[in-house]
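Per-entry structural report
Next come the chains, spelled out residue by residue.
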Amino acid sequence: MHSLRMDVECVKRFFIILVTAGLLTGCSSRQPAPGSQDKTVPGFGLEGKLDPADWAEFFPREYQTYLLNLEGGSDHSTFRGSDAFDRNSAWPFQWVLFDGWGMGKEYVESRGHTYSLIDQLKIDPARRAAGGVCLTCKTPYVPELMEQMGIGYFSLPYDEVYAQIPENYNKLGVSCIDCHDGNTGELRLSRWTITEALAGLDGVPEQFNKKQLSMLTCAQCHVTYSIPKDEDNNSVDLIFPWHRAAWDNITIEAIEQQIKEDGLYEWTHAVTGIKLGHIRHPEFELFTNNSFHYNIGLSCSDCHMPEVTIDGEKTRSHQWTSPFKQGLESCSSCHGQSRQELKDRVISIQQDINKLFTEAGFKAAQAAKAIEFANNTPKADEALLSEAKEAYEKAYYRITFIGAENSMGFHNPTEARRVLNDGLRFAATAEDRAREAVIAAGVTPPAVFDLELEKYPYNPEENRAYNFQEQ
Ligand code: HEC
Ligand code: HEC
Ligand code: HEC
Ligand code: HEC
């Protein structure tokens with residue numbers, strides 16, 4: 001298993017100095033060196049140190065790259081980037097699909113890890129309505145909250161739980177302690193959510209190798225999750241809906257099955273009145289389901305934490321961002337073509353997925369409007385309408401699975417296409433059944449439904465949808 005190497009002598013001196021003089025003076029070399037497996041050597045003493053600045057003492061180079069997460073910028077990327085832009089206006093059908101809950105009020109592109117909590121404080125309060133549970137992925141203080149308050153913190157108002165975070169920690173985003181042990185420096189999982197989810201997943205390896213563990217540190221957050229609700233719509237838990245799935249094969253079908261069987265419904269769609277679950281950023285699920293890069297043994301960090309040289313020393317970059325922003329450095333060991341050629345290839349894959357995503361998304365929006373129309377048509381055929389609603393739910397999960405995933409399909413183009421094609425098909429079925437339900441009542445529906453985008457804070461300048469003619 002992977003371990004951080006530390007300078008044994010330096011660490012010994014560190015402790016002697018600490019004990020004898022109560023002072024902390026500089027070690028000549030604070031860089032990790034071989035020896036961390038030696039359990040007789042005291043550890044780094046960073047357990048409970050949530051602030052990455054405290055870790056800089058031992059790991060100045062990793063910390064230096066970590067600070068680069070503060071950089072913004074979106075020019076490097078066609079569909080994502082590191083500035084907060086309005087993702088509903090970028091794909092305007094999402095205004096219709098998300099109407100009725102937080103996502104439909106505001107859905108912004110994420111920035112770097114250092115902003116995870118800061119950005120959450122800035123968003124529309126409607127997005128935090130689920131309560132303290134929202135903090136689970138955003139602050140390194142969450143394991144402490146869990147210890148102090150238990151799962152009671154999930155359902156308390158967000159602001160009340162946020163107020164429990166000590167001031168010196170209450171702006172911190174993703175931190176060293178989220179992925180590393182504070183004593184040994186080794187990679188470790190800090191969130192009970194992933195441990196519980198793995199326990200419910202079929203075929204999980206008994207021991208994780210270095211690559212798997214590295215990837216699972218990301219899977220603590222870059223996964224879809226569900227927030228089970230009680231009768232009063234209070235959030236009572238946070239789970240990864242993997243209980244019908246298997247390792248290397250977490251499909252949207254298995255997730256959907258669990259949402260339905262376990263009743264993981266979180267909101268009611270304002271346009272159609274349908275109760276729905278939701279799919280959030282399934283990077284881990286999409287990538288590990290038979291993608292070519294996963295199949296040849298890559299993990300997230302191979303592409304997102306390229307090796308960089310700082311002060312003459314090789315370091316894994318801790319700037320987690322689009323590989324485009326890092327000049328595709330991490331790809332060059334395998335891909336011989338020029339960086340520009342490789343970038344063009346990635347973008348062409350993304351454009352292809354974007355086209356399908358947009359087509360399926362607009363189709364689902366048409367379906368939603370058709371169902372709304374049928375709901376408002378007296379004597380619309382009940383059976384057909386309920387078939388329409390069933391198909392809409394299926395379309396919604398599939399389209400959102402790829403839309404919420406952050407690589408615009410690049411992490412697994414084959415699976416992205418499969419899921420979107422199904423999404424498009426279900427959306428078309430939903431629209432057809434809803435139209436038939438209306439026609440059965442002797443009413444002629446319009447040829448194309450108006451999406452009424454003017455009802456929403458739609459900003460056409462953000463539009464990144466494929467230039468797709470509706471109908
Ligand atoms: C999101 C998870 C995550 C966070 C947060 C994180 N690391 Fe890491 N770190 C990793 C992973 C994964 C690797 C191993 C990469 C590999 O070898 O595949 C790693 C490797 C390292 C290494 C050893 C390898 C090297 O060449 O750099 C050190 C030292 C390290 N991290 C220190 C830190 C420090 C200090 C912080 C906080 C400023 C930090 N890490 C934050 C995931 C994380
Ligand atoms: C504790 C939760 C957490 C962990 C662990 C985590 N991430 Fe993130 N990640 C986030 C959040 C939250 C954001 C969005 C930040 C925001 O809202 O501004 C994000 C954003 C990103 C981005 C996009 C940043 C940008 O510039 O747009 C990348 C790339 C990324 N993470 C990769 C990784 C990788 C690779 C790992 C594992 C080594 C990892 N993350 C582990 C929570 C996490
Ligand atoms: C083969 C290399 C590769 C692997 C492996 C990989 N990614 Fe990516 N990732 C990319 C590329 C390329 C993009 C697209 C960047 C863009 O569009 O700007 C991307 C995009 C992302 C983004 C959005 C970045 C942004 O700018 O908003 C996140 C988040 C992310 N990946 C997380 C992960 C996680 C988590 C894993 C592991 C489960 C992973 N990636 C595995 C190459 C990779
Ligand atoms: C460990 C080696 C390795 C690394 C690192 C790697 N790749 Fe790949 N990549 C491959 C292999 C092998 C294939 C499959 C080639 C095939 O099947 O034709 C592939 C396929 C691809 C394809 C699809 C080719 C096509 O034309 O359909 C693209 C695009 C791609 N990689 C981009 C990237 C990018 C971007 C990165 C870095 C962010 C990256 N790769 C990192 C080995 C790697």
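For the structure itself, look to the data block above.
Below you will find a few notes about this structure. (Residues numbered from 1 in each chain as written. Chains lettered and ligands numbered in written order. Predicted model: local features only at pLDDT ≥ 70, side-chain atom pairs only at ≥ 80, totals over all residues. Heavy atoms only, no water.)

**Some points on the site of ligand 3**
Among the 22 residues in the neighbourhood of ligand 3, the closest are listed as Ser 77, Cys 300, Cys 303, His 304 and His 411. Side-chain polar atom of His 304 to a nitrogen atom of ligand 3: 2.8 Å apart, as the coordinates give it. Interatomic distance of 2.9 Å between a side-chain N/O atom of Gln 350 and an oxygen atom of ligand 3. Elements supplying a minimum of two residues to the shell around ligand 3: helix H15 (283-288) and helix H17 (300-304). A per-class count over the shell around ligand 3 returns eight nonpolar, 11 polar and three charged. (Near = heavy atom within 4 Å. Polar contact = N/O pair within 3.5 Å; in protein donor to acceptor, adjacent residues only side chain to side chain. Helix = DSSP H or I, 4+ residues; strand = E, 2+ residues; numbered from the N terminus. Nonpolar A, V, L, I, M, F, W, Y, C, P; charged D, E, K, R; others polar.)

**Section: the pairing of strand S3 (residues 307-310)**
Bridge count for S3 against strand S4 (residues 313-316) is four bridges, and the pairing is antiparallel. When the bridges of S4 are listed, Glu 307 appears paired with Arg 316. (Pairing = 2+ DSSP bridges.)

**Overview of the site of ligand 2**
In the region of ligand 2, 23 residues are neighbours, and Ser 82, His 113, Cys 218, Cys 221 and His 222 sit closest. In this structure, an oxygen atom belonging to ligand 2 sits 2.6 Å away from a side-chain N or O atom of Ser 82. At a separation of 3.4 Å, an oxygen atom of ligand 2 approaches a polar backbone atom of Ser 110. The residue makeup of the shell around ligand 2, split by class, is eight nonpolar, 11 polar and four charged.

**Some thoughts on the packing of helix H14 (residues 252-261) against helix H19 (residues 382-404)**
Remark: H14 packs on H19, axes separated minimally by 11 Å, with the N-to-C direction vectors making an angle of 130 degrees. Judged by the angle between their axes, H14 and H19 are oblique. Where H14 crosses over H19, the two elements pack in a sense that is right-handed. Facing Ile 252, Glu 253, Ile 255, Glu 256, Ile 259 and Lys 260 of H14, the residues of H19 in contact are Glu 393, Lys 394, Tyr 397, Arg 398 and Phe 401. In terms of residue class, the contact of H14 with H19 is made up of five nonpolar, no polar and six charged. (Axes fitted to C-alpha atoms, helices over the stretch in contact; angles between N-to-C directions. Parallel < 35°, antiparallel > 145°, perpendicular 65-115°, else oblique. Left-handed = near helix turned anticlockwise from the far one by under 90°. Contact = heavy atoms within 4.5 Å.)

**Some remarks on the coordination of the iron atom of ligand 3**
Taken together, His 304 (NE2) and His 411 (NE2) make up the protein donors of the iron atom of ligand 3, found 2.0 Å from the metal. Given six donor atoms and angles of 88 to 179 degrees at the metal, the environment of the iron atom of ligand 3 is assigned as octahedral. Of this pair, His 304 sits in helix H17 while His 411 is found in the loop between H19 and helix H20 (413-440), placing the two residues 107 residues apart along the sequence. A residue is classified by how much of its surface remains accessible, and His 411, at 18% relative accessible area, is buried. (Donors = N, O, S within 2.8 Å, 3.2 Å for Na, K, Ca; no water. Tetrahedral: all angles 85-135°; square planar, octahedral: opposite > 155°, others 65-115°. Buried < 20%, exposed > 50% of the residue type's maximum accessible area, 1.4 Å probe, protein only.)

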